[in-house]
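A closer look at the structure
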Amino acid sequence: LAAAGNDYAHPDYPLLVPQVFSWVSLITGEWSEASLGLLYPMVGLAAILLVRSSLRHETSSAVLTSIGSLILLPLTLSPWIGLAEGPLVAYGSGALVLFHRGLAGYTGSMRAGAVLLGLAASVKNEGLSLAIAVAIAVVVFDSTQRWIQLRSLWPAAVISAPWIVLREIHGLQTDLTEGAAGVRLLNRLTD
């Protein structure tokens, strides 16, 4: 992955999606695009059902529940986005829904959300950014139980840490951290 010829292929991306492809191929005994293609609808459907379940608890309106659930369809089930975007949206939105439930007092939802957040961080660099944003939000917005809530994020750290360590060992720079921070900020602001 660290070889110069691999720069175009995002060698810094976390390995969950390629690992899942490999596992499916090992289990089925062949590389079957049809088998791999089934993963996306399953992950997308799981995210939609999780959001729908949460919305049913939030509102008594079947119309709002349906509209809220349908919003995820083009994000999780689109054939025109990259290989990792669907799982990223599914894991990330599922994590946020479960965190919301956890803040509302549902036992175990925070830890389950942290697992999904760790999976999102294992899919794309943006998932790691989401995990950091959630940790910051917990510290900033939940002043009464911030440390309890922050400790509940440990599964996300444990799941995402191996790839972060391997990436650092092999010197794989991400597009999010490449170069000086001030230059990156200036480039982003001028875009």
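Criteria and thresholds
- Residues numbered from 1 in each chain as written.
- Predicted model: local features only at pLDDT ≥ 70, side-chain atom pairs only at ≥ 80, totals over all residues.
- Heavy atoms only, no water.
- Helix = DSSP H or I, 4+ residues; strand = E, 2+ residues; numbered from the N terminus.
- Buried < 20%, exposed > 50% of the residue type's maximum accessible area, 1.4 Å probe, protein only.
- Contact = heavy atoms within 4.5 Å.
- pLDDT = per-residue confidence, 0-100.
- Patch = residues over 30% accessible without salt bridge, like charges linked within 9 Å, V, L, I, M, F, W, Y side chains within 5 Å.
- Areas by Shrake-Rupley, 256 points an atom, 1.4 Å probe, with all protein chains shown as cover.
- Salt bridge = Lys/Arg side-chain N within 4 Å of Asp/Glu carboxyl O.
- Expected span 1.5 Å × (residues − 1).
- Polar contact = N/O pair within 3.5 Å; in protein donor to acceptor, adjacent residues only side chain to side chain.
- Core = buried A, V, L, I, M, F, W, Y, C linked by side-chain atoms within 4.5 Å.
- Phe/Tyr/Trp six-rings, centres within 6.5 Å; stacked < 30°, edge-to-face > 60°.
- Axes fitted to C-alpha atoms, helices over the stretch in contact; angles between N-to-C directions.
- Parallel < 35°, antiparallel > 145°, perpendicular 65-115°, else oblique.
- Left-handed = near helix turned anticlockwise from the far one by under 90°.
- Nonpolar A, V, L, I, M, F, W, Y, C, P; charged D, E, K, R; others polar.

Moving on to the overall build of the chain. When you go through the chain residue by residue, the secondary structure sums to eleven helices and zero strands. Listing the helices and strands of the chain from first to last along the sequence gives α-α-α-α-α-α-α-α-α-α-α. Classification of the 191 residues of the chain by burial places 35% in the buried group. Pairs at least 24 apart in sequence give 61% of the contacts found in the chain among residues at least 6 apart.

Residues at a pLDDT of 70 or more form 90% of the chain, whose mean pLDDT is 82. By mean pLDDT, the top-scoring element of the chain is helix α7 (residues 109–121) (92), and the lowest-scoring one is helix α9 (residues 146–151) (73).

Together, Val 63, Ile 67, Ile 71 and Leu 75 make up an exposed nonpolar region whose accessible area comes to about 370 Å². Tracing the chain through its elements places Ile 71 in the loop between α4 (62–70) and α5 (73–76).

In this model helix α8 (residues 125–141) runs 24 Å from its N-terminal to its C-terminal C-alpha over 17 residues, within 8% of the 24 Å that 1.5 Å per residue would give. Residues of α8 that are buried include every one of Asn 125, Gly 127, Leu 128, Ala 131, Val 134 and Val 138, and no others.

With that settled, consider the pattern of salt bridges. One pass over the structure, following the stated rule, counts one salt bridge. Of the charged contacts in the structure, one is a salt bridge between Glu 85 and Lys 124, with a shortest N-O distance of 2.5 Å. Taken together, the residues span a long stretch of sequence, with Glu 85 in helix α6 (residues 85–103) and Lys 124 in the loop between α7 and α8 at a distance of 39 residues. Here Glu 85 falls in the partly exposed class, since its relative accessible area comes to 26%. Judged by relative accessible area, which is 7%, Lys 124 ranks as buried.

With respect to the helices and strands, the residue Ser 160 is situated in helix α10 (residues 154–169). A relative accessible area of 8% places Ser 160 in the buried class. Within the structure, the side chain of Ser 160 is placed 2.7 Å from the backbone oxygen of Ala 156, a separation counted as a polar contact. Aside from chain neighbours lying at most four places away, what touches Ser 160 is Gly 118, Ala 121, Ser 122 and Leu 128.

Tyr 91, Phe 99, Leu 117, Val 123, Val 134 and Leu 153 are the most contacted members of the largest nonpolar core, which has 23 residues in total. Listing elements by their share of this core, those giving two or more residues are α1 (16–28), α6, α7 and α8. Apart from the residues lying within four places of it in its own chain, the contact partners of Tyr 91 are Leu 16, Leu 116, Leu 119, Ala 120 and Val 123.

One pass over the structure, following the stated rule, counts one aromatic pair. On the basis of an interplanar angle of 85 degrees and a centroid distance of 6.1 Å, the ring pair of Phe 21 and Trp 31 is categorised as edge-to-face. Within this pair, whereas Phe 21 is found in helix α1, its partner Trp 31 is found in the loop between α1 and α2 (33–37), the two being separated by ten residues in sequence.

Turning to the packing of α7 against α10, a few remarks are in order. Axis separation between α7 and α10 bottoms out at 7 Å; the angle between their running directions is 25 degrees. Put simply, α7 runs roughly parallel to α10. Crossing of α7 against α10: the hand is right-handed. Contacts from Arg 111, Ala 114, Val 115, Leu 117, Gly 118, Leu 119 and Ala 121 of α7 reach α10 at Trp 154, Pro 155, Ala 156, Ile 159 and Ser 160. Among the residues forming the contact of α7 with α10, the class breakdown is nine nonpolar, two polar and one charged.

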